Amino acid sequence: MIDTIKEHLEEVKKFSSTSKEDIEAFRIKYLGKKGLLNSFFAEFKNVPNGQKKEFGQVINQLKTSATEKVNTLKEALENQAETQGEYGDLTRPGEPIEIGSRHPISIVKNRIIDIFSRIGFNVSEGPEIEDDWHNFTALNLPEYHPARDMQDTFFIQTDPDILLRTHTSSVQVRYMENNQPPIRTISPGRVYRNEAISARSHCFFHQVEGLYVDKNVSFADLKQTLQYFTTEMFGKSKIRLRPSYFPFTEPSAEVDVYWGLETETDYRMTKGTGWLEIMGCGMVDPNVLQNCGIDPEVYSGFAFGMGIDRIALLLHQIPDIRLLSENDLRFLKQFKSSL
Ligand code: PHE
């Protein structure tokens, strides 16, 4: 009898399986209610006294070995299931989840959208790869117009008609082509210009351009809208409009906001003047309205455009525009926002 048990002991040691069914069958064979171990234990009383000690030892050995075997095989099976994506032990403590923060460009963009949406502007978007018509021609910049040089354009080499948009004014053209006034829309997005990369300029950056077209829209409406914006965005309501030139607006202006000269940083940022340039704007040129299928005899409008990156640098005192596209977590983790 003892020899039989010893043989089983060998069998238990050798046993191995990755099949759930086989392991369970093994468990039932040895450890089940009607299993071998129970039947050996039942034999105990018939064993001659002289052998009882040894019998007891081997039978206990068999029990421990069989139990351990079942446990290790089951555990291996579970680990394997877990790495294959099945649930393991659901009572394990959770792993901490790192919550990301918004990019400073997104924070500024969302704030601008929020401010303009409160006065009835919707958001429009368009493609970054544009055609000549939407980026230039429709905007009163026909071929060979000298002002095309103002924006160093990336062209697709094989097709001079296809380019990376240099401003999101192209989205406004698309919007006017597809919608009749009243139009109140802002167009945020990434734009590209073939400029040398430095701390102050990059070959891509982000803009928000705005467009308002309706009957009787005047320059006074433009100024009031911009003043509302600078008050909400920067907490500064003093602005000035300097005459400027854009092919798509007439008259055109550059907008400065009075930042103040209270601190050392104000001094540096405004070069000692207290004024900061923040955007370009103007009344939409009648030719542009015409190009987009809107009757300039009936409607008028204003447009404005600003750089998001520049505003982000300004608000967060970021010294180098390149930080915005390097995705260094030590930089990005400093920004938190609910918007
Ligand atoms: N599109 C101009 C730029 O990229 C900005 C602008 C938009 C100016 C609308 C006037 C009106 O510089």
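These numbers come from a predicted model, not from an experiment.

S.K.: Can you walk me through the overall build of the chain in this structure?
M.R.: The number of helices and strands found in the chain is 13 helices and 10 strands. For 339 residues, the compact-globule formula gives about 20 Å, and the C-alpha radius of gyration of the chain, at 38 Å, lies well above that figure. Referenced to the eigenvectors of the C-alpha coordinate spread, the extents of the chain come out at roughly 120 × 50 × 35 Å. The buried share among the 339 residues of the chain stands at 42%. For the chain, the share of sequence-separated contacts (at least 6 apart) that also reach a separation of at least 24 residues comes to 66%. As displayed, the chain has an accessible area near 19400 Å², and 50% of this comes from carbon and sulfur atoms. Of the charged side chains in the chain, 39 are positive and 48 negative; the average position of the first set lies 11 Å away from that of the second.

S.K.: I tried to follow the site of the ligand on my own but got confused; where do I start?
M.R.: Of all residues adjacent to the ligand, which total 14 residues, the nearest are H167, S169, R193, Q207 and E209. Within the contact set of the ligand, a nitrogen atom lies 3.1 Å away from a side-chain nitrogen or oxygen of H167. At a separation of 2.8 Å, a nitrogen atom of the ligand approaches a polar side-chain atom of E209. In the complex, the protein chains occlude 91% of the 320 Å² of accessible area that the ligand would expose alone. Of all the secondary structure elements, the ones that give two or more residues to the shell around the ligand are β6 (204-214), β9 (275-284) and β10 (300-307). With three residues, the single largest contributor to the shell around the ligand is β10. For the shell around the ligand, the class distribution of residues is five nonpolar, seven polar and two charged.

S.K.: How should the nonpolar core be read in this particular structure?
M.R.: A general feature of soluble globular proteins is that nonpolar side chains tend to end up buried together. I112, F229, F304 and M306 are the most contacted members of the largest nonpolar core, which totals 41 residues. Contributions of two or more residues to this core are made by α5 (104-117), β6, α8 (219-234), β8 (249-258), β9, β10, α11 (308-316) and α13 (329-332). With seven residues, α5 is the largest single contributor of residues to this core. Apart from residues no more than four positions distant in its own chain, F304 is found in contact with F116, Q172, I186, V208, E209, G210, L222, L226, M279, G280 and C281. Formed by 21 residues, the second largest nonpolar core is a distinct cluster that contains L139, V173, F246 and V288.

S.K.: Sorry, what's going on with the sheet that holds strand β3 (residues 155-156) here?
M.R.: One key point about sheets: their strands pair by backbone hydrogen bonds, in either a parallel or an antiparallel sense. Across the sheet, which stays open at both edges, the three strands sit in the order β2-β4-β3 with antiparallel pairing between neighbours. Strands at the two margins of the open sheet, each flanked by one partner only, are β2 (129-131) and β3. Here three bridges tie β2 to strand β4 (residues 159-164), and the two strands are oriented antiparallel to one another. Counted as the bridge partner of I129 is L164 from β4.

S.K.: Looking at this structure, I do not really get the pattern of salt bridges. What am I missing?
M.R.: Close approach of charged atoms lets side chains of opposite charge pair. One pass over the structure, following the stated rule, counts 11 salt bridges. The residue K29 makes a salt bridge to E11 at a minimum N-O spacing of 2.8 Å. Of this pair, K29 sits in helix α2 (residues 20-31) while E11 sits in helix α1 (residues 2-14); the two residues are 18 residues apart in sequence, bridging distant segments of the chain. K29 sits in the partly exposed class, given a relative accessible area of 37%. Across the pair E277 and R242 runs a salt bridge, and its minimum N-O distance is 3.7 Å. Taken together, the positions of E277 in strand β9 and R242 in strand β7 (residues 239-246) put the pair 35 residues apart, joining distant regions of the chain. For R242, a relative accessible area of 30% puts it in the partly exposed group. Sharing partners across several salt bridges, the network here consists of R240, R242, D256 and E277.

S.K.: Is there a simple way to explain the packing of aromatic side chains in this structure?
M.R.: Evaluation of the coordinates by the stated rule reveals 15 aromatic pairs. Pairing F26 with Y30 gives two aromatic rings, centres 5.1 Å apart and planes at 55°, and the pair type is tilted. Taken together, the residues F26 and Y30, both in helix α2 and four residues apart, mark about one turn of the helix. Ring centres 5.1 Å apart and planes at 65° place the aromatic pair F331 and F335 in the edge-to-face group. Across this residue pair, the class does not change: F331 and F335 are buried. Aromatic rings pair up to connect F116, F121, Y212, F229, F234, W259, F302 and F304 into one cluster. Between K52 and the ring centre of F44, over which it is positioned, the NZ or CZ distance is 5.5 Å. Sitting over the ring of W259, K236 keeps its end group 4.8 Å from the ring centre.

Thresholds, definitions, all that
- Residues numbered from 1 in each chain as written.
- Predicted model: local features only at pLDDT ≥ 70, side-chain atom pairs only at ≥ 80, totals over all residues.
- Heavy atoms only, no water.
- Helix = DSSP H or I, 4+ residues; strand = E, 2+ residues; numbered from the N terminus.
- Rg over C-alpha atoms; globule rule 2.2 N^0.38 Å.
- Buried < 20%, exposed > 50% of the residue type's maximum accessible area, 1.4 Å probe, protein only.
- Contact = heavy atoms within 4.5 Å.
- Areas by Shrake-Rupley, 256 points an atom, 1.4 Å probe, with all protein chains shown as cover.
- Lys, Arg positive; Asp, Glu negative; His and termini not counted.
- Charge placed at Lys NZ, Arg CZ, Asp CG, Glu CD.
- Near = heavy atom within 4 Å.
- Polar contact = N/O pair within 3.5 Å; in protein donor to acceptor, adjacent residues only side chain to side chain.
- Nonpolar A, V, L, I, M, F, W, Y, C, P; charged D, E, K, R; others polar.
- Core = buried A, V, L, I, M, F, W, Y, C linked by side-chain atoms within 4.5 Å.
- Pairing = 2+ DSSP bridges.
- Salt bridge = Lys/Arg side-chain N within 4 Å of Asp/Glu carboxyl O.
- Phe/Tyr/Trp six-rings, centres within 6.5 Å; stacked < 30°, edge-to-face > 60°.
- Lys NZ or Arg CZ within 6 Å of the ring centre and 35° of its normal.

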